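The lines below spell out each chain.
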Amino acid sequence: MNTKIEGILLSKVAHGERNLLVKLLLRSGKTISVMFYGGRGGGEKKKSSILELGTMLKVELARSNSNSEVYSAKEWQSLWMANKVRDDHLAFYVLCFIVQLAAKIAVDENLHDDSHTFDDHSQGIFRAVSNALVHLESSVANKQFLARGEVAIYLGKLLIELGVFPNIKNCMVCGINLELFENLTLSADQGGFICSTCKPSEQKGPILWSLMNDVANKKTPDISCDPNFTRPNLERLWQYFCFQFHLNPMDFKTLSMIP
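Residues numbered from 1 in each chain as written. Predicted model: local features only at pLDDT ≥ 70, side-chain atom pairs only at ≥ 80, totals over all residues. Heavy atoms only, no water.

What follows is about the overall build of the protein. From N to C terminus, the protein includes 6 helices and 7 strands. Mapped in sequence order, the helices and strands of the protein form the string β-β-β-β-β-α-α-α-β-β-α-α-α. For a compact globule of 259 residues, the expected C-alpha radius of gyration is about 18 Å, and the protein comes in at 20 Å, within 12% of that figure. Projected onto the principal axes, the alpha-carbon positions of the protein cover approximately 65 × 40 × 30 Å. Buried positions account for 46% of the 259 residues belonging to the protein. Expressed as a percentage of contacts within the protein between residues at least 6 apart in sequence, the contacts between residues at least 24 apart total 62%. (Helix = DSSP H or I, 4+ residues; strand = E, 2+ residues; numbered from the N terminus. Rg over C-alpha atoms; globule rule 2.2 N^0.38 Å. Buried < 20%, exposed > 50% of the residue type's maximum accessible area, 1.4 Å probe, protein only. Contact = heavy atoms within 4.5 Å.)

So this is what it looks like as structure tokens:
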């Protein structure tokens, strides 16, 4: 069993007065549940807790029974925290959505199984989440934060990593190059964009299509979102994502808090 791990904190639940049961997203892109005794802070020394959503942690685990599904943390330290995000309530909602979605789509890791192997899709989840959190913190710090854009870039990168990114080259109905059209519609069931000839669209301008081109061709730190990217644009992308993974949009309350 590997006892030294690194992971992003996706969720936490109070357990008793001072303990926390935490879900961590490991570098493998898979999750484990860890009990942090004294993780809530407090005590005689009034210690504060570093166990906050989105924090990247380095943890040493205690060895446990191979039948146990919950690991126990012996020591831990913070490698990275989203400090600026916590000063902006909208940015914090975005952070909550990022980790909630990751917790929903990632599968469990078994650290007792020494024969386990990494796969590209799982590792891709960790890449997308870590890059999204760093991009979010940077955008807030540089006063370039746009909530809808942060979510859209994250969703786009996840779609790439999970192998279901929409077709951005040709219309899914007629096959004509999408660059020839001013108005485009993202179709969840068709798996890509449809031109305005095949499907008249209320969406004016290829703003979502343009952003997805940037997502496909640029690294996360180099992507910026057009301020005119609207909530309906984000809704179309979110519907596409949920359709691919059979998710219920109503399960993600934090997204409804982003205007």
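Text resumes after the structure shown.
This part is about helix 3 (residues 147-161). Between its first and last C-alpha atoms helix 3 spans 22 Å; for 15 residues at 1.5 Å apiece the expected length is 21 Å, and the two agree. Counting buried residues along helix 3, 14 of its 15 residues qualify, which places the element largely inside the surrounding structure. Downstream of helix 3 by a residue or two, G163 has a phi angle that is positive, lying close to 80 degrees. (Expected span 1.5 Å × (residues − 1).)

Both strand 3 (residues 31-36) and strand 5 (residues 70-80) contribute to a ladder of 3 bridges, which runs parallel. Note that in strand 5 the partner of M35 across the bridge is S72. When strand 4 (residues 56-62) meets strand 5, the two strands line up antiparallel, connected through 7 bridges. The partner of A62 across the bridge, within strand 5, is S72. (Pairing = 2+ DSSP bridges.)

On to the state of the cysteines. Counting across every chain of the model gives 0 disulfides. The thiol of C96 is unpaired, and the distance to the nearest cysteine sulfur, on C242, comes to 17 Å. On the accessibility criterion, C96 (14% relative accessible area) is buried. With no disulfide partner, C198 has as its closest neighbouring cysteine sulfur the one in C195, 3.6 Å distant. (Disulfide = S-S within 2.5 Å.)

If you walk through the whole model with that rule in mind, you get 6 salt bridges. A salt bridge links E161 to R127; the nearest nitrogen and oxygen atoms lie 2.9 Å apart. Within this pair, whereas E161 is found in helix 3, its partner R127 is found in helix 2 (residues 120-141), the two being separated by 34 residues in sequence. Here R127 falls in the partly exposed class, since its relative accessible area comes to 37%. Between K218 and D214 there is a salt bridge, with the nearest N and O atoms lying 3.7 Å from each other. (Salt bridge = Lys/Arg side-chain N within 4 Å of Asp/Glu carboxyl O.)

Below, the discussion takes up the environment of N142. Looking at the element boundaries, N142 is found in the loop between helix 2 and helix 3. Residues N142 and K84, spaced 58 residues apart in sequence, show a C-alpha to C-alpha distance of 9.9 Å.

What follows covers the layout of surface pockets. If you add up the space inside the largest pocket, you get close to 300 Å³. Broken down by secondary-structure element, the contributors of at least two residues to the lining of the largest pocket are helix 2 and helix 3. Taken together, the residues of the lining of the largest pocket break down into 6 nonpolar, 9 polar and 1 charged. (1 Å grid on protein atoms, 1.4 Å probe; cavity = no way out; pocket = protein on both sides within 12 Å on 5 of 7 lines; lining within 4 Å. Points joined across faces, edges and corners; volume = space filled by probe spheres on them. Nonpolar A, V, L, I, M, F, W, Y, C, P; charged D, E, K, R; others polar.)

Angle between the axes and distance between the axes: these two values describe a pair of packed helices. Closest axis-to-axis distance for the helix 3/helix 4 (residues 207-217) pair is 9 Å, and the angle between their directions is 55 degrees. Classified by the angle between their axes, helix 3 and helix 4 sit oblique to one another. Classified by chirality, the crossing of helix 4 by helix 3 is right-handed. Seen from helix 3, the contacting residues are A152, I153, G156, K157 and I160; seen from helix 4, they are L211, M212, V215 and A216. Residues that form the contact of helix 3 with helix 4 fall into these classes: 7 nonpolar, 1 polar and 1 charged. (Axes fitted to C-alpha atoms, helices over the stretch in contact; angles between N-to-C directions. Parallel < 35°, antiparallel > 145°, perpendicular 65-115°, else oblique. Left-handed = near helix turned anticlockwise from the far one by under 90°.)

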